[in-house]
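Here is how the chains run, residue by residue.
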2 protein chains.
Amino acid sequence: MIEFWFEFGSNYSYLSLMRIEALAARHDVTIVWRPFLLAPIFKSFGWDSSPFVLQPQKGRYVWRDMARRCERYGLPWQQPTSFPRRALLPMRVALLGADQPWMAAFCKHIMQMNFAEDRDIDNVEAVTEALTALELPASALIAQAQSEENKLALRRQTEAAQARGIFGAPTFFVGDEMFWGDDRLEDALEML
Amino acid sequence: MIEFWFEFGSNYSYLSLMRIEALAARHDVTIVWRPFLLAPIFKSFGWDSSPFVLQPQKGRYVWRDMARRCERYGLPWQQPTSFPRRALLPMRVALLGADQPWMAAFCKHIMQMNFAEDRDIDNVEAVTEALTALELPASALIAQAQSEENKLALRRQTEAAQARGIFGAPTFFVGDEMFWGDDRLEDALEML
């Protein structure tokens, strides 16, 4: 069992999200999906954006690194013209779907919109498209995602991330052992 | 040819410094040693220490990550009780030695003091020990390292790092292609 903490706005979460299913299957490991919000965590460090925006040198490097990594992994890639993209609505839907059979496919669809198609994802149209592609009842799920109960649940999940010591995404847990970054996905799985 | 930009105070530089010779030899690649100072670069971001100190959550993780990485690479490891350690004198000696046959052995000795033996490295005794172990004229080299000319040369090298867009250590260059972090050492070498 590997816990996968991620956020749709995070480019390195994109890499892991596109890779984790095949890797977990190869290791015969179950994925526990843990969507959470990065912004409140960054805010707790006094940051009002991603470190890739706040540190332009690192930002420039990261886009080059992403292009190389996507090439290596055979993933489509387009540098987003807006970064980090807000992802509140799709994150709320992902929280609803965390235990559902459509979770991986939904998340991949949203990630591809952001990082392969350079499209905004924090709106009803984008989320409807992703859900409809999976033949899911989009309106009903979006309404449920926007319920007070589910909004609160995502806040709680984000607080849980903070309490676990999470400071970025993606983060993986194998038991109490924490692994940060797409680079450590293989290490986490090998631990099992 | 791979450029290896590093600093003795940097724990991830330790991993690369202990691994790069064998890896470069396997790829039949020459290492160009580029010691530089991290502190002025961090200062340019408004930081008065390492991000691993300024962000305690990340710091806690990094020490766990280091222990796991050292185990994987078969490297000795002791979490330094003082971090980041000042390394001005050994860095100045490293700049002198960059083209010398003793460079790799000297750098490994200093890194081991810091990250395997938890010893201070920014003093004449420590540097003398490392140079003497290689049967080098320690006093003469230390005097030369502390000349105005060499001090200025290390400042210039650090400015060159900044001008190249370096924001952390280790950093590798293959031509104009930049790679940041010990995790990318293999990628950099595979590019050649």
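Residues numbered from 1 in each chain as written. Chains lettered and ligands numbered in written order. Predicted model: local features only at pLDDT ≥ 70, side-chain atom pairs only at ≥ 80, totals over all residues. Heavy atoms only, no water.

- An unreviewed UniProt entry lists chain A under the name 2-hydroxychromene-2-carboxylate isomerase, with Dyella choica as the source organism.
- Taken directly from UniProt, the Sequence similarities (unreviewed entry) text for chain A runs: "Belongs to the GST superfamily. NadH family." (UniProt positions renumbered as here; feature names shortened; annotations may be inferred.)

## Overview of the sheet that holds strand β2 (residues 31–35) of chain A
Residues and elements named next belong to chain A.
Right, on to step 1. An order of β2-β1-β3-β4 is seen for the four strands of this open sheet, with the pairing classed as mixed. In this open sheet, the two edge strands, each paired with only one partner strand, are β2 and β4 (177–180). Sheet twist, expressed as the mean angle between neighbouring strand axes with direction ignored, is 20 degrees.
Right, on to step 2. The sheet contact formed by strand β1 (residues 2–6) and strand β3 (residues 171–174) spans three bridges and is antiparallel. Residue glutamate 3 lies in a different strand from β3, and its bridge partner there is phenylalanine 173. (Pairing = 2+ DSSP bridges. Helix = DSSP H or I, 4+ residues; strand = E, 2+ residues; numbered from the N terminus. Axes fitted to C-alpha atoms, helices over the stretch in contact; angles between N-to-C directions.)

## Concerning the UniProt feature "active site" (unreviewed entry) in chain A
Residue and element names in this part refer to chain A.
Right, on to step 1. Residues given the UniProt feature "active site" (unreviewed entry) here are Ser10.
Right, on to step 2. Inspection of the secondary structure puts serine 10 in the loop between β1 and α1 (11–26).
Right, on to step 3. Among the residues examined, serine 10 registers a relative accessible area of 6% and is labelled buried.
Right, on to step 4. Ignoring anything within four residues of it in the chain, the contact list for serine 10 reads Leu38, Met111, Phe115, Ala169 and Pro170. (Buried < 20%, exposed > 50% of the residue type's maximum accessible area, 1.4 Å probe, protein only. Contact = heavy atoms within 4.5 Å.)

## Some details on the relation of the copies chain B and chain A
Right, on to step 1. In screw terms, the move from chain B to chain A is a rotation of 180 degrees and a rise of 0.0 Å along the axis, fitting with an RMSD of 0.0 Å. In short, the pair behaves as if placed about a two-fold rotation axis. Closest approach to the rotation axis among the C-alpha atoms of chain B is made by B:Asp183, whose C-alpha sits 3.6 Å away. (Least-squares fit on C-alpha atoms with pLDDT ≥ 70 in both.)

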